[in-house]
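Each chain, letter by letter, is given below.
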Amino acid sequence: MPALRYDLTDLRLFANIAECASLTRGAERSHLSLSAASMRLKGLEEALEVKLFIRRSNGVELTPAGRTLFANAHQVFQQLEKLHGDLLYFSKALKGTVRIFANTTAISENLPSALSQFMTLNPEIDIDLEERLSPEIVRAVSDGVIDIGILAGTVENTNLRFLPFKRDRLVLAAAPGHPLSGFKEVSFNQTVEYNFVSLHRDSALHDFLQHVATAAGVDLKVRIRVAGFDALCRMVEAGVGIALLPASVAKRLSQSHRFHAIELLDSWAIRDLRICVRDVDALPTFAQKLIEHLLSTVKDD
């Protein structure tokens with residue numbers, strides 16, 4: 001293979017296509033037209049003299065050569081981000097971006113205030129935050145796709161470092177007059193005969209609830225799926241069904257919605273949120289600074 005000068009725009013486009021498994025969505029993420037993205041990808045493949053993707057009717061799939069480039073491209077981006085972060089302290093013109101994947105609870109309850117404080121104090125740092133499921137978060141951190149993951153549950157990876165962040169408990173929300181509303185605590189098995197309200201299918205909490213039901217050997221009667229906790233509590237209040245939600249959310253929304261929060265006796269109801277990284281020292285300086293800030297909020301609780 002001849003010596004090459006890698007174009008960072010092409011590498012970023014390639015990584016975006018790989019992450020989206022779609023040429024169209026990868027082009028959109030890269031702010032390129034589909035034709036321009038196609039030409040750049042074709043030029044990259046011709047320069048490397050390898051095929052990077054297998055084109056399929058429903059998207060694209062990485063070839064073995066593509067997987068190798070994907071892994072190395074993220075290492076390149078991480079090194080550039082670290083260099084970028086180290087230079088932030090010498091130039092006010094530079095801006096840094098920390099990419100985070102987090103679960104439903106972290107995004108809705110734990111991160112808004114903490115990130116708002118951090119970004120106010122550090123106007124040169126931007127945050128790219130997406131909601132994902134815990135296994136996806138671990139995989140993305142391990143692959144170098146993101147800087148920081150925030151997740152709950154027992155997903156482990158010996159190549160990663162997990163830092164304790166927050167603890168919360170899932171509770172059951174039931175409308176006044178519901179057969180369970182008079183209970184102070186219940187087990188999950190006591191709830192399965194009733195209709196449920198759930199978050200949307202792509203939410204981490206919906207996925208967790210389905211795993212719990214599968215482990216219990218039951219099919220939940222989900223009557224409706226909604227986009228957020230406010231809508232979920234409105235449906236519970238209206239008598240559509242009962243719902244599982246974090247105790248911190250229940251405490252906040254009980255001020256504006258009429259429902260009873262009932263403790264769950266199951267051990268899985270206690271949720272420990274953890275910060276997940278590959279190597280703190282290898283992160284850009286501004287990403288390390290964000291982790292320090294998030295951990296400082298734990299001490300404030």
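Here's a quick rundown of the structure. Small disclaimer: the values here were computed from a predicted structure and weren't measured. (Residues numbered from 1 in each chain as written. Predicted model: local features only at pLDDT ≥ 70, side-chain atom pairs only at ≥ 80, totals over all residues. Heavy atoms only, no water.)

1. A few points about the overall build of the protein chain
Argument step 1. Helix and strand content of the protein chain: 10 helices and 12 strands.
Argument step 2. For the protein chain, the C-alpha atoms occupy an extent of roughly 75 × 50 × 35 Å along the three principal directions.
Argument step 3. Sequence-distant contacts in the protein chain: of pairs separated by 6 or more residues, those separated by 24 or more amount to 73%.
Argument step 4. Surface exposure of the protein chain reaches about 15700 Å², of which carbon and sulfur atoms provide 51%. (Helix = DSSP H or I, 4+ residues; strand = E, 2+ residues; numbered from the N terminus. Contact = heavy atoms within 4.5 Å. Areas by Shrake-Rupley, 256 points an atom, 1.4 Å probe, with all protein chains shown as cover.)

2. A short note on unusual backbone geometry
Argument step 1. Positioned with a positive phi, Ala21 is a non-glycine residue whose angle comes to about 55°.
Argument step 2. Positionally, Ala21 belongs in the loop between helix H1 (8-20) and helix H2 (23-29).
Argument step 3. With a phi angle near 60°, Glu49 is a residue other than glycine that sits in the positive phi range.
Argument step 4. Structurally, Glu49 can be placed in the loop between helix H3 (34-48) and strand E1 (53-56).
Argument step 5. Since its relative accessible area comes to 60%, Glu49 is described here as exposed. (Buried < 20%, exposed > 50% of the residue type's maximum accessible area, 1.4 Å probe, protein only.)

3. Concerning the pairing of strand E11 (residues 260-264)
Argument step 1. Direction of pairing for strand E6 (residues 161-174) relative to E11: antiparallel, over a ladder of 4 bridges. From the neighbouring strand, Leu172 faces E11, where its bridge partner is Ile262.
Argument step 2. Where strand E7 (residues 185-186) lies against E11, 2 bridges are found, and the strand directions are parallel. What sits directly across from Val186, in E11, is Leu264. (Pairing = 2+ DSSP bridges.)

4. Looking at a nonpolar patch on the surface
Argument step 1. A cluster of nonpolar side chains, contributed by Leu8, Val76, Leu80, Leu83 and Leu87, occupies part of the molecular surface with about 390 Å² of accessible area.
Argument step 2. If you tally residues by element for the nonpolar patch, the top one is helix H4 (residues 64-88), at 4 residues.
Argument step 3. Relative to the elements of secondary structure, Leu83 occurs in helix H4. (Patch = residues over 30% accessible without salt bridge, like charges linked within 9 Å, V, L, I, M, F, W, Y side chains within 5 Å. Salt bridge = Lys/Arg side-chain N within 4 Å of Asp/Glu carboxyl O.)

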